[in-house]
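Below, each chain spelled out in residue letters.
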Amino acid sequence: MAEALVLRATGLHAGYLGQEVLRGAGLELPTGCRLALLGANGSGKTTLLRCLSGAHRPSSGTVEVAGNRLGSGRGALREHRRRVQLVLQDPDDQLFSADVSQDVSFGPMNLGLPPDEVRARVRESLALLGVSHLAERPTHQLSYGERKRVATAGAVAMRPEVLLLDEPTAGLDPAGVHEMLAALERLIAQGTTVVLATHDVDLALAWGEQAAVVLDGTVRQGPVTDILADQTLLAAARLHRPWPLELAARLGLGVAPRHLDDIVTALTTPH
Ligand SMILES: Nc1ncnc2c1ncn2[C@@H]1O[C@H](COP(=O)(O)OP(=O)(O)OP(=O)(O)O)[C@@H](O)[C@H]1O
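Note that the coordinates shown come from a computational prediction; the quantities given were computed from them, not determined experimentally.

Rules of the game
Sequence order sets the numbering: in each chain, residues are counted from 1 along the sequence as written. Owing to the predicted nature of the model, reporting of local features is limited to residues with pLDDT of at least 70; listing and counting of side-chain atom pairs is limited to 80 or more, with chain, interface and lining totals taken over all residues. Every helix listed is a DSSP run of H or I at least four residues long, and every strand listed is a run of E at least two residues long, numbered separately from the N terminus. Both definitions apply: the radius of gyration is a C-alpha atom measure, and the globule rule equals 2.2 Å times residues to the power 0.38. Three classes are used. A residue is buried when 20 or more other C-beta atoms lie within 10 Å of its own, exposed when 12 or fewer do, and partly exposed in between, with C-beta atoms placed from the backbone. A pair of residues counts as a contact when their C-beta atoms, built from backbone coordinates, are within 7 Å of each other. Two strands form a pair only when DSSP identifies at least two bridges running between them. The angle between two axes is taken between their N-to-C directions and runs from 0 to 180 degrees, where each axis is a line fitted to C-alpha atoms and a helix contributes only its stretch in contact. For this classification, under 35 degrees means roughly parallel, over 145 means roughly antiparallel, 65 to 115 means roughly perpendicular, and everything else is oblique. Helix crossings fall into two classes, left-handed where the near helix is turned counterclockwise from the far one by less than a right angle and right-handed where it is turned clockwise. For a helix, the expected span equals 1.5 Å multiplied by the number of residues minus one. As used here, the arc is the angular range of directions from the helix axis to the C-beta atoms. Under the definition applied here, buried Ala, Val, Leu, Ile, Met, Phe, Trp, Tyr and Cys residues are grouped into a nonpolar core through C-beta atoms within 7 Å. Nearness here is judged by the C-beta atom: place it from the backbone, and if it falls within 6 Å of a molecule or strand, the residue counts as near that partner. Side-chain classes follow a simple rule in which Ala, Val, Leu, Ile, Met, Phe, Trp, Tyr, Cys and Pro form the nonpolar group, Asp, Glu, Lys and Arg form the charged group, and the remainder, Gly included, forms the polar group.

Asks: Sorry, what's going on with the overall build of the protein chain here?
Replies: The helix and strand tally for the protein chain stands at 11 helices and 10 strands. In terms of overall dimensions, the protein chain is globule-like: its C-alpha atoms have a radius of gyration of 19 Å, near the 18 Å expected for 271 residues. C-alpha atoms of the protein chain, sized along the principal axes, occupy 60 × 45 × 40 Å. In the protein chain, which comprises 271 residues, the share counted as buried stands at 42%. The long-range share in the protein chain, meaning contacts at least 24 apart out of those at least 6 apart in sequence, stands at 65%.

Asks: Would you mind showing me how to read the pairing of strand E2 (residues 19–30) here?
Replies: On a regular strand, each side chain points to the face opposite its neighbour's, so the side chains alternate between the two faces of the sheet. Relative to E2, strand E1 (residues 5–16) runs antiparallel, the two being bridged by nine bridges. Along E2, the bridge assignment pairs Leu5 with Pro30. Hairpin remark: E1 followed by E2, antiparallel, with two residues in the connecting loop; positive phi at Gly18, about 80°.

Asks: Would you mind going over the packing of helix H5 (residues 144–156) against helix H6 (residues 174–189) with me for this structure?
Replies: When two helices pack together, their arrangement is given by the angle between the helix axes and the distance between those axes. Contact geometry for H5 and H6: axes closest at 10 Å, N-to-C directions at 10°. For the element pair H5 / H6, the angle class is roughly parallel. Crossing of H5 over H6 shows right-handed handedness. Residues Gly145, Lys148, Arg149 and Val156 of H5 form the contact with H6, whose own contacting residues are Gly176, Met180, Ala183 and Leu187.

Asks: In this structure, what is going on with the environment of Ser72? I would like to understand it.
Replies: Among the structural elements, Ser72 can be located in the loop between strand E5 (68–69) and helix H2 (74–83). Overall, the presence of 8 C-beta atoms within 10 Å leaves Ser72 in the exposed class.

Asks: Where do I start with helix H4 (residues 115–128) in this structure?
Replies: Two residues of an α-helix separated by three or four positions point the same way, owing to the 3.6 residues in each turn. Here H4 contains 14 residues, and its C-alpha end-to-end distance of 20 Å stays within 8% of the 20 Å for a straight helix at 1.5 Å per residue. Every buried residue of H4 is accounted for by Val118, Arg121, Val122, Ser125, Leu126 and Leu128. Axial view of H4: buried residues confined to an arc of 155°, hence all on one face. The inward-facing, buried residues of H4 abut helix H3 (100–110), H5 and H6. Positive phi shows up at Gly130, right after H4, with a value of about 70°.

Asks: Sorry, what's going on with the sheet that holds E2 here?
Replies: The pairing of strands in a sheet happens through backbone hydrogen bonds and is either parallel or antiparallel. Overall, antiparallel pairing links the four strands, which are arranged E2-E1-E4-E5 in an open sheet. Taken across any chain shown, the strands that pair with only one partner, and hence form the sheet edges, are E2 and E5. Both E1 and strand E4 (residues 60–65) contribute to a ladder of five bridges, which runs antiparallel. Opposite Arg8, over in E4, you have Glu64 as the bridge partner. The sheet strands contacting helix H1 (residues 45–53) are E1, E2 and E4, and the helix crosses E1 at an angle near 120°.

Asks: For this particular structure, what's the right way to read the nonpolar core?
Replies: In a soluble, globular protein the nonpolar side chains are often hidden away together inside. Ranked by size, the top nonpolar core spans 70 residues in total, and within it Ala36, Leu38, Leu52, Leu164, Ala204 and Ala211 carry the most contacts. Beyond its immediate stretch of four places on either side in the chain, Leu164 contacts Leu49, Leu52, Ser53, Val84, Gln85, Leu86 and Val195.

Asks: Explain the site of the ligand here, please?
Replies: Taken together, the residues surrounding the ligand are Tyr16, Gln19, Val21, Gly39, Asn41, Gly42, Ser43, Gly44, Lys45, Thr46 and Thr47. When residues of the shell around the ligand are traced back to their parent elements, those giving at least two are E2 and H1. Here the shell around the ligand gets three residues from one element, more than from any other, and that element is H1. Class assignment of the residues belonging to the shell around the ligand gives a composition of two nonpolar, eight polar and one charged.

Next up, the structure:
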């Protein structure tokens, strides 16, 4: 049986005044999948994420969530945004309220949920992102990494089926990256399907099951080890081969490792 798709986009054409960025882009996201989205600066990753979330209207093409096609009516858009949440690269584009709890409660309150339910969702999403201790803090006092996790908590409080993250680890220190990825593991364990846009090919290989590369207005998608081993595609998209695949190729290991442990296993397992 074919895998169930939670999200599917086909034939997207989208852009801005005088510039078409996406020219027939498509994406298929199986339920529960973790997909790394890659592409050069300006290739259209954010534009694609905005189309998938309903924040940007393509001039043609379709976006479907669990078989429901995104229409142009306000009700349909509202329902789509409840199911698909986008977290922007810059948290300051997303945080507006005076304190953290208020900010995270914004989405659930807009859904018209009762106050107890809103409070429960705020608690839950702050805990999932590992930032419960920041609940009462003014948002403007937070560090960049804290603001990124609080902005993500705001999206998580909507309990979306699909979470689209635009460069969630960019600008974070190594511990911050680790904390963000640990938070994503908790969300994935709860059944959330995650798309993570990044320029970090090593992270994409280690984290993703599938990868998609935006190139010339279209998308090339497949298993992460296939996509990130395709030297022609990588060069065209101004990306380099992730180090585990590079090392395995140079050592002639004949495997497609995603992590250091895979290489150690390949080197220490007798043939
Ligand atoms: N609001 C906008 N108005 C006009 N042009 C825009 C707008 N947003 C993006 N663009 C243009 O669309 C193109 C694609 O931008 P987009 O942000 O989608 O790329 P990206 O792959 O996410 O880039 P990066 O990796 O640098 O974040 C770029 O040429 C950009 O200048």
